[in-house]
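Examination of the molecular architecture
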Amino acid sequence: VLLLTPHRWLHGLPLIYSDGIPSESLTLDETTTLLRGPAGSSVALTVAPQGPAQQTPRQLLLERRPLPQPAIKEAQLPLPDGRVVQYVRLHYFSHEATAGLSQVVASAESEGQHVAGYVLDLRNNPGGVFEEAVAIASLFQD
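Note that the coordinates shown come from a computational prediction; the quantities given were computed from them, not determined experimentally.

**Some points on the overall build of the chain**
Per the secondary structure count, the chain includes three helices and eight strands. Across its three principal directions, the C-alpha atoms of the chain cover 65 × 35 × 20 Å. Taking all 142 residues of the chain together, 28% fall into the buried category. Partitioning the intrachain contacts of the chain with sequence separation of at least 6 by distance along the chain shows that 50% fall at a separation of at least 24. As displayed, the chain offers around 9,400 Å² of accessible surface, 58% of which is attributable to carbon and sulfur atoms.

**Description of the packing of aromatic side chains**
Scanning the entire structure with this criterion turns up one aromatic pair. Centroid distance Tyr-118 to Phe-140: 5.5 Å. Interplanar angle 65°. Geometry classified as edge-to-face. Of the two residues, Tyr-118 sits in strand β8 (residues 115-121) while Phe-140 sits in the segment after α3 (130-138), which places them 22 residues apart along the sequence. Judged by relative accessible area, Tyr-118 falls into the partly exposed class, the value being 25%. For Phe-140, a relative accessible area of 35% corresponds to the partly exposed category.

**Quick look at helix α2 (residues 95-110)**
Within an α-helix, residues lying three or four positions from one another point in the same direction, as the helix has 3.6 residues per turn. With 16 residues, α2 extends 22 Å from end C-alpha to end C-alpha; this agrees with the ideal 22 Å at 1.5 Å per step. Of the residues making up α2, those classed as buried are Ala-97, Thr-98, Gly-100, Leu-101, Val-104, Val-105 and Ala-108. Where α2 is buried, its residues touch β6 (72-78), β7 (84-90), β8 and α3. Positive backbone phi, approximately 75°, marks Gly-112, located one or two places after α2.

**A few points about the confidence of the model for the chain**
The predicted coordinates ought not to be read in detail in places where the model reports low pLDDT. For the chain, per-residue confidence averages 83 on the pLDDT scale, and residues scoring 70 or more make up 90% of the total. Confidence, expressed as mean pLDDT per element, reaches its minimum in the chain at strand β1 (residues 9-10) with 59 and its maximum at β7 with 95. In this model residues 1-7 is a low-confidence stretch, pLDDT under 50, and it forms 17 contacts with partners more than four residues away in sequence or in other chains.

**Description of the packing of α2 against α3**
For the pair α2 and α3, interaxial distance at closest approach is 9 Å and the crossing angle is 10°. If you check the angle between α2 and α3, you find them roughly parallel. For the pair α2 and α3, the contacting residues are His-95, Ala-97, Thr-98 and Leu-101 in the first and Glu-132, Ala-135 and Ile-136 in the second. The residue makeup of the contact of α2 with α3, split by class, is four nonpolar, two polar and one charged.

**Brief notes about a nonpolar patch on the surface**
Where nonpolar side chains cluster on the molecular surface, the patch consists of Leu-120, Leu-122 and Phe-140 and spans about 230 Å² of accessible area. Mapped onto the fold, Leu-120 is located in strand β8. The exposure class of Leu-120 is partly exposed, given its relative accessible area of 32%.

**Details of the sheet that holds β7**
Strand order in the open sheet formed by three strands is β6-β7-β8, and the pairing between neighbours is mixed. Of all the strands in the sheet, just β6 and β8 have a single pairing partner and so form its edges. When strand polarity is set aside, the average angle formed by the axes of neighbouring strands in this sheet is 20°. Of the pairings in the sheet, the one linking β7 to β8 comprises six bridges and is parallel in character. When the sheet's bridge partners are listed, Tyr-87 is paired in β8 with Val-119.

Rules of the game
Residues numbered from 1 in each chain as written. Predicted model: local features only at pLDDT ≥ 70, side-chain atom pairs only at ≥ 80, totals over all residues. Heavy atoms only, no water. Helix = DSSP H or I, 4+ residues; strand = E, 2+ residues; numbered from the N terminus. Buried < 20%, exposed > 50% of the residue type's maximum accessible area, 1.4 Å probe, protein only. Contact = heavy atoms within 4.5 Å. Areas by Shrake-Rupley, 256 points an atom, 1.4 Å probe, with all protein chains shown as cover. Phe/Tyr/Trp six-rings, centres within 6.5 Å; stacked < 30°, edge-to-face > 60°. Expected span 1.5 Å × (residues − 1). pLDDT = per-residue confidence, 0-100. Axes fitted to C-alpha atoms, helices over the stretch in contact; angles between N-to-C directions. Parallel < 35°, antiparallel > 145°, perpendicular 65-115°, else oblique. Nonpolar A, V, L, I, M, F, W, Y, C, P; charged D, E, K, R; others polar. Patch = residues over 30% accessible without salt bridge, like charges linked within 9 Å, V, L, I, M, F, W, Y side chains within 5 Å. Salt bridge = Lys/Arg side-chain N within 4 Å of Asp/Glu carboxyl O. Pairing = 2+ DSSP bridges.

The structure is reproduced here in structure tokens:
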């Protein structure tokens, strides 16, 4: 997993080049786009020397791989009155996400829990299958 900060630091190492392009000439979004790509393809990075022992920048050739990520993550946030807020982080719209969210809603309602409401966290959700997004929305319609 690559962690890239707005100042072009890659896991604590100053990033100088991404695929031969100087990082100072790129926005964070442009740098992120260069780092992403099809699984199996490569990205060449150059990071600044670290410490006095290393005098020259390091060249890294990284192979891109898919990062398996669950479609949803969920948690219950208790309220002082005994009810709960069901929090669901929806990473992308897919059949897996629809089935998972449907199960979360059904189990919360059937276990006799007093659900005050649901929070669907869609931050950084890139989208996905349109029909699944509609199916997820329909879970909350009467």
